[in-house]
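Each chain, written out:
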Amino acid sequence: LGLVRYAEEFLDPSLAAPGSYGYFWNGNVASAEISLTGETTRFRLPFGPVDGSTFRVSLSQSLPVADSFFRNTNLTVDLRRYVYLGMDSLFAFRLRGFASRGRDPFVTYFGGNNQVRSVDFLNMAATEGWFANAELRVPLVSAAATLLGTIGPVRGTLFFDLSRSKLKGYPAQYFVYGDPSGRPAGAFDAIGSFGYGIEVFFMGLPLHFDWAKRLYVPKMARPFEIEAAGGYDLRFWIGYDF
């Protein structure tokens, strides 16, 4: 059971002009939530998960405390699978989906980091959607002595991301304008990324350098008709692998 008060606004008041982004939450919500979780994952320091699987299915329902309180129903599903290949190498898979329905649906912000690498951090906003990731993780260097201290271990990654989402009242499509870099113009059912990266542990922190290329899927009915656009953009982030 939970009771939460929300107060959201732009840091820059000049952005709050009529017709601007209108999905801020200001008010109260009382809710009841139930979750089912399963965990068989085995971890290895400092890499993180190396084998096994985990899942979490969560359902929350707002309570009719007062008409002024927010009303919604929310479902979240998170599935992960790790296939150990030996020598600290593994395949990692994740599928995360979410949906918020009702009079006042929640808005989920995601993207960037190891979710959808070809977009900026939390640059995607949706009331329902999903994203999927597939990665190959391999060790490169156990440890290296430098002027800054010991760096390592160092790991290499190959990754593929895909995402589809929508806001309430809008179609589940991404509308893109073309530009000289080669980005296609039109409406696309899904976007994603593929590329490669390096993970460096420094002072206990996992530093990631990912080179990601943007992918577009015009129609999910034909998921293999993927269009790639632009070059490989360098994305830097700090955080542990899923």
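Residues numbered from 1 in each chain as written. Predicted model: local features only at pLDDT ≥ 70, side-chain atom pairs only at ≥ 80, totals over all residues. Heavy atoms only, no water.

Caption draft 1: Main features of the nonpolar core. Formed by 13 residues in total, the largest nonpolar core has its most connected members in Phe110, Val116, Val119, Met124, Ile191 and Tyr216. Sorting the residues of this core by element identifies strand S8 (124-126) and strand S12 (174-176) as the ones contributing at least two each. (Core = buried A, V, L, I, M, F, W, Y, C linked by side-chain atoms within 4.5 Å. Buried < 20%, exposed > 50% of the residue type's maximum accessible area, 1.4 Å probe, protein only. Helix = DSSP H or I, 4+ residues; strand = E, 2+ residues; numbered from the N terminus.)

Caption draft 2: Structural detail: the packing of aromatic side chains. Inspection of the entire model under this criterion finds 14 aromatic pairs. Residues Phe188 and Tyr216 carry aromatic rings whose centres are separated by 4.8 Å and whose planes lie at 40 degrees to one another, so their mutual orientation is tilted. One end of the pair, Phe188, is in strand S13 (residues 186-188); the other, Tyr216, is in strand S15 (residues 205-217), with 28 residues separating them in the sequence. Assessed through its relative accessible area of 1%, Tyr216 is described here as buried. Their ring planes at 85 degrees and their centres at 5.9 Å tell us that Phe194 and Tyr232 sit as a pair that is edge-to-face. With Phe194 in strand S14 (residues 190-202) and Tyr232 in strand S16 (residues 227-238), the pair connects residues that are 38 residues apart, well separated along the chain. A residue is classified by how much of its surface remains accessible, and Tyr232, at 36% relative accessible area, is partly exposed. It is Arg117 that lies over the ring of Phe159; its NZ or CZ is 4.1 Å from the centre. Here Lys213 stacks its cationic end above the ring of Tyr232, 4.7 Å away from the centre of that ring. (Phe/Tyr/Trp six-rings, centres within 6.5 Å; stacked < 30°, edge-to-face > 60°. Lys NZ or Arg CZ within 6 Å of the ring centre and 35° of its normal.)

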